[in-house]
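These are the residues of each chain, in order.
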Amino acid sequence: MVLSQWLSRFRIASQTAFSTLRNSSSSSPSPFRIFRMHTSSLAAYSVDSGGARKPPFSFLWPGSLVPLSVALISAGSLAAQPQPSLCDHDSNLENHPRIGGKGSTDFVVKGSHKQVPKELLDELKAICQDKMTLDFDERYFHGKPQNSFHKAVNIPDVVVFPRSEEEISRIVKSCNKHKIPIVPYGGATSIEGHTLAPHGGVCVDLSDMKKVKALHVEDMDVIVEPGIGWMELNEYLEPYGLFFPLDPGPGATIGGMCATRCSGSLAARYGTMRDNVINLKVVLANGEVLKTASRARKSAAGYDLTRLMIGSEGTLGIVTEVTLRLQKIPPHSVVAMCNFPTVKDAADVAIAAMLSGIQVSRVELLDEVQVKAVNIANGKNLPELPTLMFEFTGTEAYAHEQTLMVQKIVLDHNGSDFVFAKDPEAKKELWKVRKEALWACFAMEPKYEAMITDVCVPLSKLGELISKSKEQLDASDLICTVIAHAGDGNFHTVILFDPNVEEQRKEAERLNNIMVNSALSMEGTCTGEHGVGTGKMKYLEKELGIENLKTMKKIKDALDPNNIMNPGKLIPPHVCF
């Protein structure tokens with residue numbers, strides 16, 4: 001059942017639905033044995049520091065994620081065994097780095113586990129009625145990200161499907177009262193472990209909240225619930241001549257896009273999620289409902305709570321309503337494609353095009369390995385060379401003029417095979433090369449998993465970073481492809497590795513570390529659009545500094561003192577004050 005859902009939702013026929021939950025103990029159960037357990041069971045196993053299985057419900061409240069001061073105050077809710085300090089100077093962390101902490105290389109997220117009280121289950125049943133499940137298959141599905149190699153030792157204990165903001169508020173109040181973790185769940189397209197449930201708890205699936213609550217055509221804004229997908233929203237908006245300009249991966253929902261502060265290929269023209277959200281409604285950890293701003297296009301009134309919540313990854317609250325800026329659908333567009341001898345040449349053209357003042361909507365870069373993957377997956381015969389793709393929009397005359405200007409820049413920088421399309425079907429076929437790039441990678445190694453980098457640097461540094469990274473990628477035995485949003489300095493590397501071969505995973509991690517640290521040395525970031533989750537926490541102190549992280553921790557503790565909102569994400573566990 002879970003496999004068929006996974007295939008239908010993500011169309012990755014080449015990838016198995018359940019990757020092995022790896023841990024170091026040979027005594028740990030195979031995930032396939034776990035899968036055959038009774039589906040009515042509420043049991044979820046955790047793993048202690050020695051790798052041994054613990055029986056159902058014998059776990060600790062997540063003390064590993066709470067400052068020691070809070071742990072001492074709430075000691076009555078913790079197990080009696082000693083809790084190590086979480087301060088960054090703790091010598092224990094030098095020898096045994098925690099998941100996400102400095103020096104961490106583990107990718108199976110460990111967690112303590114607290115039994116969900118029957119009283120809470122009864123309260124959730126009263127709130128959600130039949131929109132609640134304890135079914136093991138459903139919980140396993142929600143506990144395993146569909147596009148991520150990250151794993152966790154636990155899965156949610158219960159999954160709820162609220163239908164309204166009022167239901168979410170009641171659910172959160174009950175969980176806060178019992179100090180049970182909450183993991184918000186949207187389209188399951190994140191790739192950094194955002195929806196993992198390392199401490200079990202309650203998964204709040206927002207898929208039933210997908211209404212368009214109000215459309216203001218003259219104001220060019222729309223109010224939606226968090227479960228609606230960006231593609232569904234644009235289908236709704238098309239008859240009105242409007243569209244929402246962010247375009248992450250297929251399946252992403254507006255709530256999840258707010259949580260990760262995502263962007264996409266149109267960010268160079270229209271900005272990221274933080275630029276396109278007018279206001280939010282958010283259920284905080286105590287169940288109160290916060291509205292972050294008015295519907296005005298700009299405001300200087302008070303703290304910018306909208307931007308605080310965008311990118312908070314569910315650690316401060318659950319988004320229940322979003323007011324979005326919209327754009328007019330351009331009257332005309334042209335899609336162009338061209339090839340280069342090196343990725344440095346391609347990156348230099350992308351930078352030159354942006355500096356020329358041409359209003360380019362999209363500039364996407366694919367290296368020769370990625371083009372090869374597209375050829376294999378789709379039966380095409382594209383030149384297997386570094387490739388740039390452009391989109392120009394506006395009036396027919398303006399789009400044509402932009403195309404000719406960029407063509408000249410391409411020819412001046414060793415470019416060749418410049419082709420462009422105006423016909424809708426031809427444009428769709430050209431753009432399909434980019435939109436399905438990730439899925440094409442798995443055609444090269446159907447049984448492999450992907451580690452995907454997400455670095456972003458100042459635009460002038462993009463060519464240098466890609467060239468430096470390509471040297472390392474080409475020298476590796478792993479298959480690695482490069483895909484870049486070249487118009488804003490953001491590029492991804494898809495590193496394919498066999499999940500059953502530890503040496504390959506370590507090599508993928510080594511390559512990832514090289515690219516991230518290179519980006520940070522160029523005043524860049526470890527994540528341009530995918531977010532932090534569990535996978536990028538270990539880089540945050542180097543990028544942001546410890547005082548920045550301590551400030552984030554203080555905000556988290558102020559809004560969520562019981563640490564129930566998506567614990568173990570975003571803020572590295574070694575941060576304290």
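Preceding this section is the structure that the text describes.
What counts and what doesn't
- Residues numbered from 1 in each chain as written.
- Predicted model: local features only at pLDDT ≥ 70, side-chain atom pairs only at ≥ 80, totals over all residues.
- Heavy atoms only, no water.
- Helix = DSSP H or I, 4+ residues; strand = E, 2+ residues; numbered from the N terminus.
- Buried < 20%, exposed > 50% of the residue type's maximum accessible area, 1.4 Å probe, protein only.
- Contact = heavy atoms within 4.5 Å.
- Areas by Shrake-Rupley, 256 points an atom, 1.4 Å probe, with all protein chains shown as cover.
- Polar contact = N/O pair within 3.5 Å; in protein donor to acceptor, adjacent residues only side chain to side chain.
- Pairing = 2+ DSSP bridges.
- Axes fitted to C-alpha atoms, helices over the stretch in contact; angles between N-to-C directions.
- Salt bridge = Lys/Arg side-chain N within 4 Å of Asp/Glu carboxyl O.
- Core = buried A, V, L, I, M, F, W, Y, C linked by side-chain atoms within 4.5 Å.
- Expected span 1.5 Å × (residues − 1).
- Phe/Tyr/Trp six-rings, centres within 6.5 Å; stacked < 30°, edge-to-face > 60°.
- Parallel < 35°, antiparallel > 145°, perpendicular 65-115°, else oblique.
- Left-handed = near helix turned anticlockwise from the far one by under 90°.
- Nonpolar A, V, L, I, M, F, W, Y, C, P; charged D, E, K, R; others polar.

### Section: the overall build of the protein chain
From N to C terminus, the protein chain includes 21 helices and 21 strands. A buried classification covers 58% of the 577 residues belonging to the protein chain. Looking at the protein chain alone, contacts between residues at least 24 apart form 73% of all its contacts between residues at least 6 apart. Accessible area of the protein chain: about 23200 Å², with a carbon and sulfur share of 53%.

### So, the side chain of Asn375
The topology assignment puts Asn375 in helix α14 (residues 368-378). A polar side-chain atom of Asn375 sits 3.1 Å from a polar atom in the side chain of Glu384. Contacts of Asn375, omitting those with residues within four sequence positions, involve Lys380, Asn381, Leu382 and Glu384.

### A look at the pairing of strand β10 (residues 277-284)
Counting buried positions along β10 yields seven of eight residues, so the element is predominantly enclosed. Across seven bridges, the pairing between β10 and strand β12 (residues 317-325) is antiparallel. Note on β12: the bridge partner recorded for Val277 is Leu324. As paired strands, β10 and strand β11 (residues 289-291) are joined by three bridges and run antiparallel to one another. Along β11, the bridge assignment pairs Val282 with Leu290.

### Focus on the pairing of strand β14 (residues 332-339)
With respect to burial, β14 is a largely interior element, eight of its eight residues being buried. Because side chains alternate across β14, one face comprises the buried residues His332, Val334, Ala336 and Cys338, and the other comprises Ser333, Val335, Met337 and Asn339, equally buried. Where β14 and strand β16 (residues 387-394) come together, eight bridges link them in antiparallel fashion. Across the sheet, Ser333 pairs through a bridge with Thr393, a residue of β16.

### Some points on the sheet that holds β11
Strand order across the open sheet formed by five strands is β7-β8-β12-β10-β11, with antiparallel pairing between neighbours. Taken across any chain shown, the strands that pair with only one partner, and hence form the sheet edges, are β7 (212-216) and β11. Taking the axes of each pair of neighbouring strands and ignoring which way they run, one obtains an average angle of 15 degrees across the sheet. Strands β10, β11 and β12 of the sheet are contacted by helix α7 (residues 165-178), whose axis makes an angle of about 45 degrees with β10. In this fold helix α8 (residues 230-237) packs onto β7, β8 (221-224) and β12, with an angle of close to 45 degrees to the strand it touches most, β7.

### Looking at the pattern of salt bridges
Per the stated rule, a full pass over the model turns up 29 salt bridges. Between Glu502 and Arg505 there is a salt bridge; the shortest N-O distance is 3.0 Å. Taken together, the positions of Glu502 and Arg505, both in helix α19 (residues 502-521) and three residues apart, correspond to about one turn of that helix. Owing to a relative accessible area of 7%, Arg505 belongs among the buried residues under this scheme. Here Glu507 makes a salt bridge to Arg510, at a shortest N to O gap of 2.9 Å. Of the two residues, Glu507 and Arg510 both sit in helix α19, three residues apart, roughly one turn of that helix. Residue classification places Arg510 among the partly exposed positions, given a relative accessible area of 35%. A single network of salt bridges, built from pairs that share partners, joins Asp247, Arg362, Glu391 and Lys435.

### Side note on the nonpolar core
Ranked by internal contacts, the top residues of the largest apolar core, which has 56 residues, are Leu365, Leu388, Phe390, Phe392, Val410, Phe491 and Ile495. Here this core takes seven residues from helix α13 (residues 343-355), the largest share from any one element. Sequence-distant contacts of Phe390, defined by excluding residues within four places in its chain, comprise Val334, Val335, Ala336, Cys338, Val349, Ala353, Val360, Arg362, Val363, Val406, Val410 and Trp431.

### A closer look at α7
For α7, spanning 14 residues, the distance from its first C-alpha to its last is 20 Å, which sits close to the expected 20 Å at 1.5 Å a residue. Burial in α7 covers these residues: Glu167, Ile168, Ser169, Ile171, Val172, Ser174, Cys175, Asn176 and His178.

### So, the packing of aromatic side chains
With the rule as written, the count across this model stands at six aromatic pairs. Note on Phe136 and Tyr140: the rings are 6.0 Å apart at their centroids and 35 degrees apart in plane angle, and the pair reads as tilted. Of the two residues, Phe136 and Tyr140 are both situated in helix α6 (residues 136-143); the distance of four residues between them amounts to about one turn of the helix. Assessed through its relative accessible area of 4%, Tyr140 is described here as buried.

### Thoughts on the sheet that holds strand β5 (residues 182-185)
Strand order in the open sheet formed by four strands is β2-β4-β6-β5, and the pairing between neighbours is mixed. Unpaired on one side and paired on the other, β2 (132-133) and β5 mark the two borders of the sheet. Across four bridges, the pairing between β5 and strand β6 (residues 202-205) is parallel. Of the residues in β6, the one forming a bridge with Pro184 is Val204.

### With respect to the packing of α13 against helix α18 (residues 462-475)
Remark: α13 packs on α18, axes separated minimally by 8 Å, with the N-to-C direction vectors making an angle of 165 degrees. The angle between the axes of α13 and α18 places the two elements in the roughly antiparallel class. Crossing angle aside, the handedness with which α13 passes α18 is right-handed. Residues Val343, Lys344, Ala347 and Ile351 of α13 pack against Leu462, Gly463, Glu464, Ile466, Ser467 and Lys470 of α18. Per-class residue counts for the contact of α13 with α18 are five nonpolar, two polar and three charged.

### Looking at the side chain of Asp560
One can find Asp560 in the segment after α21 (546-559). Separated by 3.1 Å, the side chain of Asp560 and the backbone nitrogen of Ile564 make a polar contact. Beyond its immediate sequence surroundings of up to four residues, Asp560 is in contact with Ala285, Thr315 and Met565.

### Remarks on unusual backbone geometry
For residues other than glycine, phi is negative in most cases, and the peptide bonds are mostly trans. Despite not being glycine, Arg261 has its phi angle at roughly 55 degrees, a positive value. In this fold, Arg261 is placed in the loop between α9 (254-260) and α10 (267-270). Given the relative accessible area of 36%, Arg261 is considered partly exposed. One non-glycine residue, Asp417, lies in positive phi territory at about 50 degrees. Tracing the backbone shows Asp417 in strand β17 (residues 416-421). Take Asp417: its relative accessible area is 46%, and that puts it in the partly exposed class.

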